[in-house]
Amino acid sequence: LPSAQVAFVDEIFKANSAILNALLTLLNERLFDNGADRIEVPLLCMVGASNELPESEELDALYDRFLIRRTVQQVSSNGLRDLALLASSGSTSRAFGTDEAPLSLEDFLGCRTKAVEAVAVPDRVVDLLVGLRECLQ
């Protein structure tokens, strides 16, 4: 995880408090605590999966960090064979072809840079956010 640019965490809401704190630090600050060392993490995207929704305030903090949420149905009987073959051998007979080239890291970073440059946050908004945080503490 400390060297990941893209991470997938399964059963994320079953994490104990130590893992939960590590994930929150990772998502909020892009830092990972490794013993006494605090390492900067190049994380661009984290995908979390769970068979259940969070049921405590402690887990709500983690849930709130996922800005895009998608509920998916159970794998169909027809899809189960392809999934099992993919898991066991790394290949499947099912075609997942596309004419589009995969998004490269450079493309992703370029897109992010353009998005940051295109959005101007007025000083007034920043001042309001800082004041709100001070008020809430």
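Everything quoted here is computed from the prediction, not taken from an experiment.

Visitor: So, the overall build of the protein: which residues are in play, and what are the values?
Guide: Looking only at helices and strands, one finds five helices and four strands in the protein. Scaling as 2.2 N^0.38, a compact globule of 137 residues should have a C-alpha radius of gyration of about 14 Å, whereas the protein reaches 19 Å, well beyond that. With respect to the three principal axes, the spread of C-alpha positions in the protein is 55 × 35 × 35 Å. Here the protein, with 137 residues, has 16% of them falling under the buried criterion. Counting contacts in the protein only where the partners sit at least 6 residues apart, residues at least 24 apart contribute 62% of the total. Carbon together with sulfur atoms contributes 54% to the accessible area of the protein, which is approximately 11,300 Å² in total.

Visitor: Outline the environment of K14, supporting the account with residue identities and numerical values.
Guide: With respect to the secondary-structure elements, K14 resides in the loop between β1 (6-10) and α1 (17-29). On the basis of relative accessibility, which here comes to 55%, the residue K14 falls in the exposed class. In sequence terms K14 and P54 are 40 residues apart; their C-alpha atoms lie 8.6 Å from each other.

Visitor: An account of the packing of α1 against helix α2 (residues 57-64) is requested, with residue identities and associated values reported.
Guide: At their nearest, the axes of α1 and α2 sit 10 Å apart, and the two run at 30 degrees to each other. The orientation of α1 relative to α2 falls into the category roughly parallel. The two elements α1 and α2 cross, and the hand of that crossing is left-handed. Across the interface between the two elements, S17, L20, L23, L24 and L27 of α1 pack against E58, L59, A61 and L62 of α2.

Visitor: Residues and numbers for the nonpolar core, please.
Guide: As a rule of thumb, soluble globular proteins bury nonpolar side chains together. Counting 16 residues, the largest nonpolar core has I12, L43, M46 and L62 as the members making the most contacts within it. The set of elements that each furnish at least two residues to this core consists of β1, α1 and α2. If one sorts the elements of this core by residue count, α1 sits on top with five residues. Residues in contact with L62, not counting those within four places in the same chain, are I12, F13, L20, L23, L24 and L27.

Visitor: Would you mind going over the pattern of salt bridges in detail, with residue names and values included?
Guide: Within this structure, the stated rule accounts for three salt bridges. Across the salt bridge formed by R38 and D33, the nearest N and O atoms sit 2.7 Å from each other. A single network of salt bridges, built from pairs that share partners, joins E29, D33 and R38.

Visitor: Before we move on, could you go through the environment of L62 and cite the residues and values that matter?
Guide: Tracing the backbone shows L62 in helix α2. The buried category is assigned to L62, whose relative accessible area is 0%. When the C-alpha atoms of L62 and N16 are compared, they prove to be 12 Å apart, with 46 residues separating the residues in sequence.

Visitor: Give me the lowdown on unusual backbone geometry, citing residues and values where you can.
Guide: A negative phi holds for most residues other than glycine; trans holds for most peptide bonds. In the Ramachandran plot, E11 falls in the positive-phi region, its phi being about 50 degrees despite a non-glycine side chain. Its place among the elements puts E11 in the loop between β1 and α1. For R30, which is not glycine, the phi dihedral falls at a positive 55 degrees. Assignment of secondary structure puts R30 in the loop between α1 and β2 (31-34).

Visitor: Quick one: what's the story with the packing of aromatic side chains, residue by residue and with numbers?
Guide: Tallied over the full model, the rule gives one aromatic pair. Between F13 and Y63, the ring centres sit 5.9 Å apart and the planes meet at 55 degrees, which makes this aromatic pair tilted. On the criterion of sequence distance, the pair formed by F13 in the loop between β1 and α1 and Y63 in helix α2 is long-range, its members being 50 residues apart. Given a relative accessible area of 11%, F13 falls into the buried group. Given a relative accessible area of 25%, Y63 falls into the partly exposed group. The ring of Y63 has R69 sitting right over it, with the charged end atom 4.0 Å from the ring centre.

Analysis parameters
Residues numbered from 1 in each chain as written. Predicted model: local features only at pLDDT ≥ 70, side-chain atom pairs only at ≥ 80, totals over all residues. Heavy atoms only, no water. Helix = DSSP H or I, 4+ residues; strand = E, 2+ residues; numbered from the N terminus. Rg over C-alpha atoms; globule rule 2.2 N^0.38 Å. Buried < 20%, exposed > 50% of the residue type's maximum accessible area, 1.4 Å probe, protein only. Contact = heavy atoms within 4.5 Å. Areas by Shrake-Rupley, 256 points an atom, 1.4 Å probe, with all protein chains shown as cover. Axes fitted to C-alpha atoms, helices over the stretch in contact; angles between N-to-C directions. Parallel < 35°, antiparallel > 145°, perpendicular 65-115°, else oblique. Left-handed = near helix turned anticlockwise from the far one by under 90°. Core = buried A, V, L, I, M, F, W, Y, C linked by side-chain atoms within 4.5 Å. Salt bridge = Lys/Arg side-chain N within 4 Å of Asp/Glu carboxyl O. Phe/Tyr/Trp six-rings, centres within 6.5 Å; stacked < 30°, edge-to-face > 60°. Lys NZ or Arg CZ within 6 Å of the ring centre and 35° of its normal.

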